[in-house]
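Coordinates in review
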Amino acid sequence: MEGAMEGAARGVGRTEEVVDRASAALARAMLATLDRDPSALGEGDPLPPLFHWMYCRELAPGSRLDVDGHQKRGDFLPALPFSRRMWAGGRLGFEGSLRVGERIRRRSTVRSVTPKKGRSGPLVLVTVEHRISGNDGEVVEEQDLVFLERPTEPLVLPDVSGPRDEMEWSESITPNAAMLFRFSALTFNAHRIHYDRAYARDIEMYPDLVVHGPLTALLLADLAVRRSGRPLRTLTFRARRPMFVDRTIALQGRREGDRAHLRALDDTGALAMSAAATLA
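Here the structure is a predicted model, which is why all the values come from computation and not from measurement.

Basis of the calculations
- What you see as residue numbers is a count from 1 along each chain, following the sequence as written.
- Whole-chain, interface and lining totals are the exception, using all residues; otherwise, since this is a predicted model, local features are given only for residues with pLDDT of at least 70 and side-chain atom pairs are given and counted only at 80 or more.
- No hydrogens and no water enter the side-chain calculation; it runs on all heavy atoms of the structure.
- Numbered from the N terminus, helices here are DSSP runs of H or I no shorter than four residues, and strands are runs of E no shorter than two.
- Throughout, radius of gyration means the C-alpha value; the globule benchmark is 2.2 Å times the number of residues raised to the power 0.38.
- Burial classes follow relative accessibility: with a 1.4 Å probe on protein chains only, a residue under 20% of its type's maximum area counts as buried, one over 50% as exposed, and anything between as partly exposed.
- It only takes one pair of heavy atoms within 4.5 Å for two residues to be counted as in contact.
- Put plainly, a pocket is an open set of points on a 1 Å grid over the protein atoms alone with protein on both sides within 12 Å along at least five of seven lines, a cavity is a set where a 1.4 Å probe fits but cannot get out, and a lining residue has an atom within 4 Å of a point.
- Grid points are joined across faces, edges and corners, and a volume is the space filled by probe spheres set on the points.
- Residue polarity follows a fixed list, in which Ala, Val, Leu, Ile, Met, Phe, Trp, Tyr, Cys and Pro are nonpolar, Asp, Glu, Lys and Arg are charged, and the others, Gly among them, are polar.
- Helix span is expected to be 1.5 Å times the residue number reduced by one.
- Here a strand pair is declared whenever DSSP counts at least two bridges between the two strands.
- What counts as a salt bridge is simple: a side-chain nitrogen of Lys or Arg found within 4 Å of a carboxyl oxygen of Asp or Glu.
- We define the nonpolar core as a collection of buried residues of types Ala, Val, Leu, Ile, Met, Phe, Trp, Tyr and Cys that are connected through side-chain atoms lying within 4.5 Å of one another.

**Comments concerning the overall build of the protein**
For the protein, the count of helices and strands is 5 helices and 10 strands. What you see for the protein is a C-alpha radius of gyration of 18 Å, in line with the 19 Å of a compact globule of 280 residues. Here the protein holds 280 residues, and the buried ones make up 46% of them. Looking at the protein alone, contacts between residues at least 24 apart form 72% of all its contacts between residues at least 6 apart.

This is the structure in structure tokens:
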């Protein structure tokens, strides 16, 4: 463990750069995935918040994928002693606008590799910075990725009381398997917990297919923009507990001046994701 961590720490500062085009076809496909009118976006329109996740992806050949569907560690992300991966949260800043159809560039840097002790045992927190730039805008993003041991027993989520404070906005959505599959395809995310029910249950010990944390974050960002009528300047989100296919999610928020407080509640009313945004 100690030797592996020393090797992983040497990956701090590693960078990669990818150039892509913010395809209108993909942006419209994401709108369709969210059950929105795909004709609402055209060439030159501002790219909705978090839609940049569809572009500048690592196009790893199939032979470079691990058993879970993720790209094998050791190329860009450091090789780690733990194989189970989760996207725990992130922080984003938006300057100007990325636009549909334009050429964009993403420069990624491994910022930190930190061993920690979690409730279920040891883990490693990896923070990666992405800078995605176009002609008139830039997104600066930090992603917190957690690596931990594979579970040996089925997941049991504790019964907890949900938040009781009032929210100004409230909508519900029930992600089905088709929505999860489409989101995985559009973001080139081959993690099998989102589309392979047998793998999710038997190997990673979840009760069913897992809703993507980034999908939930995108839905909360979309809620803030639609309900406030203003674009985002910053967004911070943190995953609190997993959510599963065919179970209703409550998307909630309220505006306080130039800030929006956001959250997603699972089908039991427990807090599954918290988020905060500043409005431009």
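**A short note on empty space enclosed by the protein**
A complete count under the given rule lists 1 cavity of 30 Å³ or more for this structure. Considering the residues around the largest cavity, the lining is formed by His 52, Trp 53, Tyr 55, Arg 57, Arg 106, His 130, Ile 132, Glu 141 and Gln 143.

**Quick look at the layout of surface pockets**
Empty space within the second largest pocket amounts to approximately 490 Å³. Lining the second largest pocket are 26 residues, with Leu 47, Pro 48, Pro 49, Pro 231 and Leu 232 positioned closest to its centre. Top contributing element to the lining of the second largest pocket by residue count: helix α5 (residues 213–228), with 4 residues. By residue class, the composition of the lining of the second largest pocket is 16 nonpolar, 3 polar and 7 charged.

**Quick word on α5**
Across its 16 residues, α5 extends 23 Å between first and last C-alpha, which sits within 8% of the 22 Å expected from 1.5 Å per residue. Of all 16 residues in α5, 13 are buried, a share of seventy percent or more. Looking one or two residues beyond α5, the residue adopting positive phi is Gly 229, at roughly 75 degrees.

**Overview of helix α3 (residues 177–186)**
Turning to α3, its buried residues number three or more, namely Met 179, Leu 180, Phe 183, Ser 184 and Leu 186. Among the structural elements, α2 (24–33), β6 (169–173) and α5 are those in contact with the buried residues of α3. Just downstream of α3 lies Phe 188, where phi reads positive at about 55 degrees.

**Examining the pairing of strand β7 (residues 232–239)**
Bridge analysis of strand β2 (residues 84–96) against β7 gives 5 bridges, and the strand direction is antiparallel. Pairing of Gly 93 across the sheet is with Thr 234, part of β7. Sheet topology places β7 next to strand β10 (residues 271–279); 7 bridges connect them, and they run antiparallel. Counterpart to Thr 234 in the pairing with β10 is Thr 278.

**Remarks on the pattern of salt bridges**
Overall, the coordinates contain 25 salt bridges when judged by the stated rule. Salt-bridge contacts for Glu 129 lead to Arg 131; the nearest nitrogen and oxygen are separated by 3.6 Å. The exposure class assigned to Glu 129 is buried, which follows from its relative accessible area of 11%. Salt bridges sharing partners connect three or more residues here, namely Arg 36, Glu 171, Asp 222, Arg 226 and Arg 227.

**Focus: the side chain of Thr 33**
With respect to the helices, strands and loops of the structure, Thr 33 is situated in helix α2. Every residue in contact with Thr 33, bar those within four places of it in the chain, is listed here: Met 179, Arg 182, Phe 183 and Leu 186.

**Considering the nonpolar core**
Leu 50, Phe 51, Leu 235 and Leu 262 are the most contacted members of the largest nonpolar core, which totals 52 residues. Take this core: its biggest share by element is 8 residues, from α5. In this view, Leu 262 contacts Trp 169, Leu 220, Leu 223, Ala 224, Leu 235, Gln 252, Gly 253, Met 273, Ser 274, Ala 275 and Ala 277; residues no more than four positions away in its chain are not counted. Grouped together as the second largest cluster of nonpolar side chains are 11 residues, Phe 76, Val 110, Val 124 and Phe 147 included.

Remember, this is a structural readout, not a statement about activity or role.
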